[in-house]
Amino acid sequence: MGDIRNIYCVGRNYVAHAKELNNEVPSSPFLFSKPTHAFVEANGQEIHLPGNRGSIHYETELVIRIGSKHEKGMKADEVIDRMGIGIDFTLRDVQSELKKKGHPWLLAKGFPNSAVVSKFIEFPGINEIKEKDFSLIRNGEMVQVGNSKNMIFDLQTIVDFTSLHFGLDEGDIIFTGTPEGVGQIFDRDHLSLKWDNKIIGDCFIKFT
Ligand code: ZN
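Report follows, based on the coordinates. Values in this document were obtained by computation on a predicted structure and should not be read as measured data.

**Quick look at the nonpolar core**
Thinking step 1. Grouped together as the largest cluster of nonpolar side chains are 45 residues, with contacts concentrated most on Leu62, Phe89, Leu155 and Trp195.
Thinking step 2. Of all the elements, strand β7 (residues 80-88) adds the most residues to this core, at four residues.
Thinking step 3. Discounting residues that sit within four places of it in the chain, Leu155 has contacts with Leu62, Ile64, Ala76, Ile80, Phe123, Ile126, Ile129 and Thr176.
Thinking step 4. Counting twelve residues, the second-largest nonpolar core is a separate cluster that includes Phe32, Ala115, Val117 and Phe120.

Here you go:
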């Protein structure tokens with residue numbers, strides 16, 4: 001697998017999550033992006049995160065990888081080649097301040113190691129993945145569970161929208177939004193990413 005290129009993230013893509021943060025449910029996809037330095041694969045190692053900028057929340061998300069250039073009219077199943085389960089780490093207090101000022105979210109969402117992804121596995125297809133849940137285990141306890149069938153904007157809509165406005169090509173990945181149940185992480189937490197009852201990535205958190 002080649003390098004990761006653009007890292008796109010969908011915000012507010014599950015109704016129950018938009019409500020838990022008192023956000024409006026959007027009428028068109030809501031996207032932001034992260035620098036490539038944010039990306040790290042969870043393969044059992046220690047991952048360093050900032051411990052002195054307020055609370056850090058996990059957002060567990062289905063992540064898709066684009067395998068070839070998307071052209072208008074193409075099916076998402078033709079261009080998505082791999083998938084993983086990721087965590088969109090968020091400095092929640094920083095984000096709240098940025099939202100109040102109407103500033104971009106980069107400081108809250110774009111720090112190094114803020115885009116953790118399990119190993120990438122073969123993408124089975126848009127319809128097939130709706131049969132399976134993804135989840136996050138924190139210190140042995142399941143803390144968040146989601147299913148792509150509950151997305152407000154489905155993967156086809158996300159792929160079309162991203163391609164139209166920013167371009168989509170090999171190596172781009174998209175975090176497709178978090179379901180409800182986001183919460184805080186702490187120094188020394190052990191996090192495991194689960195897909196279809198199998199752990200496909202894990203890491204230990206180290207605050208720096
Ligand atoms: Zn997110």
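Past the structure itself, the notes keep going.
**Describing helix α6 (residues 155-165)**
Thinking step 1. Restricting attention to buried positions, one finds in α6 the residues Leu155, Ile158, Val159, Thr162 and Ser163. Seen along its axis, α6 keeps its buried residues to an arc of 120°; they face one direction.
Thinking step 2. Downstream of α6 by one or two residues, Gly167 has phi in the positive range, about 95°.

**Some details on the packing of aromatic side chains**
Thinking step 1. According to the stated counting rule, one finds three aromatic pairs in the structure shown.
Thinking step 2. A centroid spacing of 5.5 Å and a plane angle of 55° characterise the contact between Phe32 and Trp105, whose relative ring orientation is tilted. Taken together, the positions of Phe32 in strand β2 (residues 30-34) and Trp105 in the loop between α3 (92-101) and α4 (106-109) put the pair 73 residues apart, joining distant regions of the chain.
Thinking step 3. Among the aromatic residues, those joined into a cluster by ring pairs are Phe30, Phe32 and Trp105.
Thinking step 4. The lysine or arginine in question, Arg12, covers the ring of Phe30, its NZ or CZ lying 4.7 Å from the ring centre.

**Let's talk about the environment of Pro29**
Thinking step 1. Looking at where Pro29 falls in the secondary structure, it is placed in the loop between α1 (15-20) and β2.
Thinking step 2. Separated by 155 residues in the primary sequence, Pro29 and Gln184 place their C-alpha atoms 25 Å from one another.
Thinking step 3. Not counting residues up to four positions away in its chain, the partners in contact with Pro29 are Phe153, Thr157 and Phe161.

**Considerations on the sheet that holds strand β11 (residues 134-138)**
In a beta sheet, neighbouring strands pair by backbone hydrogen bonds and run either parallel or antiparallel.
Thinking step 1. Spatially, β4-β16-β15-β11-β12 is the arrangement adopted by the five strands of the open sheet, whose pairing is mixed. Each having just a single partner strand, β4 (46-49) and β12 (141-146) make up the two edges of the open sheet. Pairwise comparison of adjacent strand axes, ignoring direction, gives a mean angle of 30° for this sheet.
Thinking step 2. Inspection of the sheet shows β4 paired to strand β16 (residues 198-207) by four bridges, in the parallel sense. By the bridge assignment, Glu46 is partnered in β16 with Phe204.

**Here's the deal with the coordination of the zinc ion**
Thinking step 1. Within the protein, Glu59 (OE), Glu61 (OE) and Asp88 (OD) serve as the donor atoms for the zinc ion, at 2.0 to 2.1 Å.
Thinking step 2. Donor residues for the zinc ion sit on one chain with the sequence pattern E-x1-E-x26-D. Of the two residues, Glu59 and Glu61, both sit in the buried class.

**Examining the pairing of β16**
Looking along a regular strand, one sees the side chains alternate between the two faces of the sheet.
Thinking step 1. Inspection of the sheet shows strand β15 (residues 190-195) paired to β16 by six bridges, in the antiparallel sense. Bridging from a neighbouring strand, Ser192 pairs with Asp202 of β16.
Thinking step 2. Linkage of β15 to β16, two consecutive antiparallel strands, is achieved through a turn of two residues, within which Asp196 is found at a positive phi near 55°.

Calculation rules
- Residues numbered from 1 in each chain as written.
- Predicted model: local features only at pLDDT ≥ 70, side-chain atom pairs only at ≥ 80, totals over all residues.
- Heavy atoms only, no water.
- Core = buried A, V, L, I, M, F, W, Y, C linked by side-chain atoms within 4.5 Å.
- Buried < 20%, exposed > 50% of the residue type's maximum accessible area, 1.4 Å probe, protein only.
- Helix = DSSP H or I, 4+ residues; strand = E, 2+ residues; numbered from the N terminus.
- Contact = heavy atoms within 4.5 Å.
- Arc of directions from axis to C-beta.
- Phe/Tyr/Trp six-rings, centres within 6.5 Å; stacked < 30°, edge-to-face > 60°.
- Lys NZ or Arg CZ within 6 Å of the ring centre and 35° of its normal.
- Pairing = 2+ DSSP bridges.
- Axes fitted to C-alpha atoms, helices over the stretch in contact; angles between N-to-C directions.
- Donors = N, O, S within 2.8 Å, 3.2 Å for Na, K, Ca; no water.

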